[in-house]
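# Examining the three-dimensional arrangement
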Amino acid sequence: MRLVEASAFVAAPLGGMTLAQMGADVIRIDLPGGGLDFRRWPVTPNNHSLYWCGLNKAKRSVCIDFTKPEGRDLAMALITAPGEDAGLLLTNLPPRGWLSYESLRAKRADLIQLTIQGKRDGGTALDYTVNAATGLPFLTGPKDQEGPVNHVLPAWDLVTGQMAATGLLAAERHRRRTGEGQHIKLALEDVALAAMGNLGFIAEAERGQVRERAGNELFGAFGGDFSCADGRRVMIVALTARQWSALCEALQLQEEIAALQRTLNLDLSLEGNRYQAREEIARLVRVRLGGLTQGQAAREFERCGVCWSRYQTVGELVADDPACSIQNPLFGITAQPEVGAILTPTIPLDFAAGGRRRPQRAPRLGEHTVQVLEEVVGLDAAQIRRLRNAKIIAGPEVNAC
């Protein structure tokens, strides 16, 4: 499957990368000099974006100056090039002018275009502005916090990117069965609202139930963060009956919990009741963990099958955690141009047929301009030279011509 991507930032590049890491030929089009996200932080000391490298792995990169008429025609030719497995476009740029579905469909009737929008009416929105409107920042943060607290993970971008990949696969399947292309619109705002409904937040509010901030506690069951004797912190979750019994066994809390059930007249085998009694349970857990180092607690937790994790910084994750290393088949070391050797993940899907795909680096900006224009559009060396001289195309291969 060949997909052309005209994009920036997180959701659309992630959607394209997801397909690329599953084996699709994903061709990202950028302006010479890079798009809006080409220098997005975090960056190296030489101002090369680790963010851009991270979201464009396994793609081919083409630089076309689509601010010029001839560049727009060239980009349209690439998007609408023939082939049963071609004619797919993923973009979060405004679908107007040369990028409008109508303009592109006139060149290829079975075109599939997926446009990621901020708001469903086409208005501007980003992950942080969408998240602000969901109400979640008033549930994030310490219990005594006044005002909203944002989180650092662009959750709605991530969900939208994965949904974009799914939508393109569904549309491609539809085209194979019917011969019909289509324009799919996916609004970041709607992705967030759908998730709020799916997780029960909307229904809860409709019924007048006001959810309070829970800090680091797990809502609706027992869970939270606790300090060990050595000052290291752990996150413990007892959502299921098995997780609950494992925690009680690991910390030898059976007698205290039985007494607490009698005192409160609550059956603590039920997750909702454990949430109601969370403060009383937490006091018992704190006492036990106060006499154990994190290492000692870890041994008991693993022996009994507790659902838990140690808190660690990103630096500690990278330096000390085997899961974030080449011991995990998710990762490999790639030589990223202008950056150097970096630990690189492939797609988390572990397909039985063929096994995991090897991690691949991101391209240099414009690295495949000549290759793609020759292979997909059918240009010859003379045409490539003329476009280079007119500054319609750019990239390392172009500069080497």
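Residues numbered from 1 in each chain as written. Predicted model: local features only at pLDDT ≥ 70, side-chain atom pairs only at ≥ 80, totals over all residues. Heavy atoms only, no water.

## What about the sheet that holds strand S7 (residues 222-227)?
The strand order across the open sheet built from three strands is S7-S8-S9, with neighbouring strands paired in antiparallel fashion. A single partner strand is all that each edge strand has here, and the edge strands are S7 and strand S9 (307-310). Taking each pair of neighbouring strands and ignoring which way they run, the sheet shows an average axis angle of 15°. Relative to strand S8 (residues 233-238), S7 runs antiparallel, the two sharing six bridges. Bridging from a neighbouring strand, Asp 225 pairs with Met 235 of S8. In the packing of helix H9 (residues 241-250) onto the sheet, contacts are made with S7, S8 and S9, and the angle to S8 comes to roughly 135°. Packed on one face of the sheet, helix H13 (residues 294-304) meets S8 and S9 and runs near 155° to S9. (Pairing = 2+ DSSP bridges. Helix = DSSP H or I, 4+ residues; strand = E, 2+ residues; numbered from the N terminus. Axes fitted to C-alpha atoms, helices over the stretch in contact; angles between N-to-C directions. Contact = heavy atoms within 4.5 Å.)

## Side note on the environment of Leu 93
Tracing the backbone through its elements, the reader meets Leu 93 in the loop between strand S4 (88-91) and helix H4 (101-105). With 36 residues separating them along the chain, Leu 93 and Lys 57 place their C-alpha atoms 20 Å apart. The contact partners of Leu 93, leaving out residues within four places of it in the chain, are Ala 6, Leu 99 and Thr 115.

## A closer look at the packing of aromatic side chains
If you walk through the whole model with that rule in mind, you get six aromatic pairs. On the numbers, 5.1 Å between centres and 40° between planes, the contact of Phe 66 with Trp 98 is tilted. One end of the pair, Phe 66, is in the loop between strand S3 (60-64) and helix H3 (69-79); the other, Trp 98, is in the loop between S4 and H4, and 32 residues separate them in sequence. Taken individually, Phe 66 and Trp 98 each receive the classification buried, so the pair is uniform in this respect. The aromatic ring of Tyr 51 is capped on one face by Arg 40, whose charged end is 5.4 Å from the ring centroid. Geometry around Phe 219 places Arg 211 over its ring, the cationic atom sitting 3.6 Å from the centre. (Phe/Tyr/Trp six-rings, centres within 6.5 Å; stacked < 30°, edge-to-face > 60°. Buried < 20%, exposed > 50% of the residue type's maximum accessible area, 1.4 Å probe, protein only. Lys NZ or Arg CZ within 6 Å of the ring centre and 35° of its normal.)

## Some details on the pattern of salt bridges
A full pass over the atoms with the stated rule returns 24 salt bridges. For Arg 386, the salt bridge identified is with Glu 70, shortest N-O distance 2.3 Å. With Arg 386 in helix H16 (residues 381-389) and Glu 70 in helix H3, this pair connects stretches of sequence that are 316 residues apart. Under the relative-accessibility criterion, Glu 70 is labelled partly exposed at 32%. Salt bridges linked by common partners bring Glu 5, Arg 28, Asp 30, Asp 37 and Lys 59 together as one network. (Salt bridge = Lys/Arg side-chain N within 4 Å of Asp/Glu carboxyl O.)

## What to know about the sheet that holds S3
Backbone hydrogen bonds hold the strands of a sheet together, and the pairing may be parallel or antiparallel. Spatial strand order, S6-S5-S4-S1-S2-S3-S12: seven strands in an open sheet with mixed pairing. In this open sheet, the two strands that pair with only one neighbour each are strand S6 (182-187) and strand S12 (393-394). Judged from the four bridges that link them, strand S1 (residues 2-6) and S4 form a sheet pairing that is parallel. Each residue of the ladder has a partner; that of Glu 5, found in S4, is Leu 90.

## Regarding helix H6 (residues 155-178)
In this model, H6 (24 residues) spans 34 Å end to end at C-alpha, consistent with the 34 Å of a helix rising 1.5 Å per residue. Of the positions making up H6, those classed as buried are Trp 156, Asp 157, Thr 160, Gly 161, Ala 164, Ala 165, Leu 168, Ala 171, Glu 172 and Arg 175. Directly after H6, the chain includes Gly 179, whose backbone phi takes a positive value near 85°. (Expected span 1.5 Å × (residues − 1).)

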